[in-house]
Amino acid sequence: MSGVNYHLQRSSQFYELDRFENCYQEATKALKYDAENEEAFFLILLALIQLKKYDKAEQIGNTAIGANPDSDQLFYAIGILYNRKEEFGKAKDYLEAAIRIHPTESQYFVQLAKSHLHFNQVTQAQALLNHSLKLNPNNESALQLKSLLEQQTGTSQQAQILADKALNLAPEDAHAHLVKATLFWKNKNFAAAESHLETAVQLQPQNQDILALWLESRTRNIPKWKTPINLLAGNSQGLLLPSLISGGLTFLVNVLLSNQVQFGTVIWVGIVLVLIPSFIFWFFRPFLKFGFLNKKFKWAFFEVANPSLPIEILGGLNLISSIIFWISGNGLFFGISFLSTLIGTGMAALKSTDSYFPIFKNPIRTSGIIFVATILAALILFFLNELGN
């Protein structure tokens, strides 16, 4: 076996084992024997994408395309890279180039469909997935993504058929279990969702998104008689329903108080009782999720346990600012409550194209930015109001 083939074979094996750093090293060694080897560049790009070394992958990708301008798989790999970097326009250009070179490769159409979904071009994405399945009826990735789309736009029955077929074809595929879990989540069968997510974590333990979803599912899989959390347990779109309920309850009280409506003791007691589930959902549940990690407190683990932390921060801010407004009558806190309700509800409606759950990258940093921006915006509203008076 020649040196280049030896290292390429080892690199491919390491990639299949999710040992991406070793994959990168072996493919790099292959380039020492053949500086323009297409397969070596392809494996290097895939490994760097998995390692999230996007800038380095982009640099090497340009070199690889320059050496292999007719390589469909290199255009495909760079298309994946730009999808990961959320530069979806560039991703479409590279993926379309890959398809022009090799128009019968089913997987290329799946990745292009993902690019279209990020532009909310659902019809185009569905057409691409249908074409992908026409080329290869057993394409697991196409079946999984089509099932997720059916969950959002079609029927549960069709989504179920697609998810089952994908899982039967690839029972060891973590993402196939994730798709099945989202279907159970939509039907509020949290126990079944947790089971599939647990399997997905076992199959791909390094995937923090799947781990976060498993933890989220565990906090939803609580018997109704044990906790009132289930009163605000959310719907298939994650945190949209509890965000609306919490915001609606507090904002209504704020509006009435700002219009000089006086509440008696009985009404206040009723308001407090109604808001107890909101406090459990927005304050205690996030720490309950964190507790499932059974690790010492570290920011990285906290982020894994709380992928929806930005929404939870806004929900908590809404409750706290409302209570301060009720006590003090300070209009600043009314503004904070209003903005946190508005922004939180909007963010809760966001969904990933790979799942039905709201997953935020760098949730702690995102939470901090949103928190500061909300407070500053409320201050501006408050001082503008003061100047107007």
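Parameters at a glance
- Residues numbered from 1 in each chain as written.
- Predicted model: local features only at pLDDT ≥ 70, side-chain atom pairs only at ≥ 80, totals over all residues.
- Heavy atoms only, no water.
- Helix = DSSP H or I, 4+ residues; strand = E, 2+ residues; numbered from the N terminus.
- Buried < 20%, exposed > 50% of the residue type's maximum accessible area, 1.4 Å probe, protein only.
- Contact = heavy atoms within 4.5 Å.
- Areas by Shrake-Rupley, 256 points an atom, 1.4 Å probe, with all protein chains shown as cover.
- Salt bridge = Lys/Arg side-chain N within 4 Å of Asp/Glu carboxyl O.
- Expected span 1.5 Å × (residues − 1).
- Axes fitted to C-alpha atoms, helices over the stretch in contact; angles between N-to-C directions.
- Parallel < 35°, antiparallel > 145°, perpendicular 65-115°, else oblique.
- Left-handed = near helix turned anticlockwise from the far one by under 90°.
- Nonpolar A, V, L, I, M, F, W, Y, C, P; charged D, E, K, R; others polar.
- Patch = residues over 30% accessible without salt bridge, like charges linked within 9 Å, V, L, I, M, F, W, Y side chains within 5 Å.
- Core = buried A, V, L, I, M, F, W, Y, C linked by side-chain atoms within 4.5 Å.

(A) Spatial organisation of the overall build of the protein chain. Along the protein chain, the regular secondary structure elements total 19 helices and zero strands. For the protein chain, with 389 residues in total, the buried portion stands at 48%. Of all intrachain contacts in the protein chain linking residues separated by at least 6 positions in sequence, the fraction that spans at least 24 positions is 62%. Summed over all atoms, the accessible surface of the protein chain reaches about 18,900 Å², with 58% contributed by carbon and sulfur.

(B) Representation of the pattern of salt bridges in the model. This structure, assessed with the given rule, holds nine salt bridges. A salt bridge links E26 to K29; its shortest N-O distance comes to 3.8 Å. One end of the pair is E26 and the other is K29, both in helix α2 (residues 20–33) and three residues apart, which spans about a single turn. We classify E26 as buried; its relative accessible area is 7%. Under the relative-accessibility criterion, K29 is labelled partly exposed at 35%. With a closest N to O distance of 2.3 Å, K180 and D164 form a salt bridge. Of this pair, K180 sits in helix α11 (residues 174–186) while D164 sits in helix α10 (residues 156–169), and the two are 16 residues apart along the sequence. Salt bridges sharing common partners tie together D55, E58, K85, E87 and K90.

(C) Layout of unusual backbone geometry. At D18, a position not held by glycine, the phi torsion is positive, near 65 degrees. The topology assignment puts D18 in the loop between α1 (3–16) and α2. The backbone of E86 sits at a positive phi, close to 65 degrees, despite the residue not being glycine. E86 gets classed as partly exposed once you look at its relative accessible area, which sits at 49%.

(D) Molecular detail of α11. Taking 1.5 Å of rise per residue, 13 residues should cover 18 Å, and α11 covers 19 Å from first to last C-alpha, within 8% of that figure. Counting buried positions over the 13 residues of α11 gives 11, a clear majority of the element. Among the residues of α11, those classed as buried are A174, A176, H177, L178, V179, K180, A181, T182, L183, F184 and W185. Positive backbone phi, at 60 degrees, marks K188, one or two positions downstream of α11.

(E) Highlighting the packing of helix α5 (residues 72–84) against helix α7 (residues 106–118). Relative to each other, α5 and α7 sit at 25 degrees, their axes nearing to 10 Å. The angle between α5 and α7 places the two elements in the roughly parallel class. Two packed elements cross with a definite hand, and for α5 against α7 that hand is left-handed. Here α5 contributes D72, Q73, Y76, I80 and N83 to the contact with α7, which in turn contributes Q107, Y108, Q111, K114 and S115. Grouping the constituent residues of the contact of α5 with α7 by class yields three nonpolar, five polar and two charged.

(F) How the structure looks around a nonpolar patch on the surface. A cluster of nonpolar side chains, namely V269, V272, L273 and I276, defines an oily patch on the protein surface of about 350 Å² accessible area. Tracing the backbone shows I276 in helix α15 (residues 265–291).

(G) Structural context of the nonpolar core. Core analysis: the biggest nonpolar cluster contains 59 residues, and I44, L45, I60, L74, Y76, L129 and L145 have the highest contact counts within it. At 10 residues, helix α3 (residues 38–50) tops the list of elements feeding residues into this core. In this structure, I60 is in contact with Y24, F41, I44, L45 and L48, ignoring residues within four places of it in sequence.

(H) Inspection of the packing of α11 against helix α12 (residues 190–203) at higher detail. At a minimum axis distance of 8 Å, the contact between α11 and α12 shows a crossing angle of 165 degrees. Comparing their axes, α12 and α11 come out roughly antiparallel. α11 and α12 meet at a crossing whose hand is left-handed. Between α11 and α12, the contacting residues are A174, H177, L178, K180, A181, F184 and W185 on the first element and F190, A192, A193, H196, L197, T199, A200 and L203 on the second.

(I) Up close: the side chain of T345. Position of T345 among the secondary structure elements: in helix α18 (residues 331–348). Ignoring anything within four residues of it in the chain, the contact list for T345 reads L240, S243 and L244.

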